[in-house]
Amino acid sequence: MSATVITGLQWGDEGKGKISYLLCRNADCVVRFQGGANAGHTVVVSGKKLKFNMLPAGSAAGAMPCIASGTVVDLDEVFEELDLLKSTGINVKFMISRAASIVLGLHKKLDAVIEELRGGRAVGTTRRGIGPTYSDKALRAGIRIEDLLDEKSLKDKLEILKKVHGLEVEDLGRLMEYGEKIRPYVGDVGLFVNDLLDEGKKVVFEGAQGTLLDIDHGTYPYVTSSNTIAGAACTGCGVGPTRISEVVGVMKAYSTRVGAGVFPTELGGELGDKIREAGQEFGTTTGRPRRVGWLDMPLLRYAVRISDVTWIAMTKLDILSGLEKIKICVEYDVDGKTVKIAPPEVRFLERAKPIYMEINGWGKMSDESWKKVSERGWEALPDEAKAYVETVEKLIRKPIRLVSIGADVGLEVTK
Ligand code: IMP
Ligand code: MG
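Below you will find a few notes about this structure. Computed from a predicted model, the values in this text were never measured in an experiment. (Residues numbered from 1 in each chain as written. Chains lettered and ligands numbered in written order. Predicted model: local features only at pLDDT ≥ 70, side-chain atom pairs only at ≥ 80, totals over all residues. Heavy atoms only, no water.)

Right, let's talk about the pairing of strand S3 (residues 41-45) for a bit. Bridge analysis of S3 against strand S4 (residues 48-52) gives five bridges, and the strand direction is antiparallel. Counterpart to valine 44 in the pairing with S4 is lysine 49. Here S3 hands over to S4 after two residues, with serine 46 in that stretch at a positive phi of 50°. (Pairing = 2+ DSSP bridges. Helix = DSSP H or I, 4+ residues; strand = E, 2+ residues; numbered from the N terminus.)

And the structure:
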């Protein structure tokens, strides 16, 4: 039996999609356990780009996709992505939890309205209705997958929702149509996954967003509306903590953040633009340019600690090619005190002055030479690139076992 949780160690967009694909090649099942269509997970297989917002990206590797109770579901996306999987020749068995929440048109509208209300304090959400759907769930006024299968109950619940918000809600008939379409896939994902683990099967839990966007453990209020840390796999799916065999933390070789909020190592100016362009750092879901910065050890150490990460996959190392010097923030100076591990508290981080170490970069490399590196393995990386990875490993005190050096599956080395 093995249960692997994949979790993002930064602000999302670490490249979890590709890592999930790699880990799912010999997995039986892959589970999305939190978030919704705010996520954008991309996998490039033989030059073909596959984008997922709702289904776990690991399903492209053939593992059976499941969407668990802790998610907020955009059903149009689910059906579209099931079609995408079918078009790639994958025979899709799929299960969605009867208890997953449904994002309604109303929630997307509210997301936009609330963002406007916040004015200068807007979170910069993806406007996918994530926050309002989770808040209706917490109010016990939400619509769940199971409600779509029961007309009477759905009608009552929509009436309540209408009164709660004083706004028009989705048409009952339209939702019942969704219900008919989703019915064959509805099940108890928690029980199903526990059974798989009992049978000795391999399950991957594919996290979305990243640690610093966790609603309880991130830079609140500039966060998403779910728990994103590894522990959320247990609550979101319904498996006990002792069933998890390993936690894989995914980190990008530099930092990015999309949306508002504190970012101590943010890089402005030309260098920031250069990395943004090289890394194509524009949101998968919204197309927004991402903010770019150096690695931030105090925050990474925090992320590694609260998810008790077993090992790390580093992505996009290739993007740093051609930089003369690369900086790593090793600690902060906060009001004259040295801080090695930082709580992601906004007021604290606003006072943090990053202390950097500088290491030598390596030259630009052609696609062809990266391909050769992936064929020859770790030793074939430029010495400075190896030194960068090894430095990060020492600073973070966790093994970096996998390094991704290009978007396509195949462009990676193991260490
Ligand atoms: P929401 O999740 O749409 O409510 O957005 C809240 C914050 O999380 C915003 O800063 C978003 O940009 C950010 N966010 C949400 N999902 C993702 C993601 O998948 N990757 C990166 N940032 C995200
Ligand atoms: Mg993304």
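After that view of the structure, there is still more to cover.
Near ligand 1 there are 15 residues, and of these Asp13, Asn38, Thr126, Thr224 and Val258 occur at the shortest range. Contacts to ligand 1 include glutamine 209, whose side-chain N or O atom sits 3.2 Å from a nitrogen atom. Within the contact set of ligand 1, an oxygen atom lies 3.0 Å away from a backbone nitrogen or oxygen of valine 258. Here ligand 1 loses 97% of its free accessible area of 480 Å² to cover by the protein chains. Residue classes in the shell around ligand 1 are distributed as six nonpolar, seven polar and two charged. (Near = heavy atom within 4 Å. Polar contact = N/O pair within 3.5 Å; in protein donor to acceptor, adjacent residues only side chain to side chain. Areas by Shrake-Rupley, 256 points an atom, 1.4 Å probe, with all protein chains shown as cover. Nonpolar A, V, L, I, M, F, W, Y, C, P; charged D, E, K, R; others polar.)

For the coordinates displayed, the defined rule picks out 28 salt bridges. Between glutamate 199 and lysine 201 there is a salt bridge, with its nearest N and O atoms 3.2 Å apart. Judged by its relative accessible area of 29%, lysine 201 falls in the partly exposed class. Here the salt bridges do not stand alone but share partners, grouping Asp13, Lys252, Glu281, Arg290 and Lys316 into one network. (Salt bridge = Lys/Arg side-chain N within 4 Å of Asp/Glu carboxyl O. Buried < 20%, exposed > 50% of the residue type's maximum accessible area, 1.4 Å probe, protein only.)

Turning our attention to a nonpolar patch on the surface. On the surface, Val113, Ile114 and Leu117 cluster together into a nonpolar patch covering about 290 Å² of accessible area. Positionally, leucine 117 belongs in helix H3 (residues 105-118). On the basis of relative accessible area, leucine 117 is assigned to the exposed category, the value being 69%. (Patch = residues over 30% accessible without salt bridge, like charges linked within 9 Å, V, L, I, M, F, W, Y side chains within 5 Å.)

A word on the packing of aromatic side chains. In this structure the tally under the stated criterion is four aromatic pairs. For the ring pair phenylalanine 79 and tyrosine 178, a centre distance of 6.3 Å and an interplane angle of 10° mean the geometry is stacked. Of the two residues, phenylalanine 79 is situated in helix H2 (residues 75-87) and tyrosine 178 in helix H6 (residues 172-182); the sequence distance between them amounts to 99 residues. Each member of the pair, phenylalanine 79 as well as tyrosine 178, is classed as buried. (Phe/Tyr/Trp six-rings, centres within 6.5 Å; stacked < 30°, edge-to-face > 60°.)

Geometric descriptors of this kind do not, in isolation, establish any biological role.
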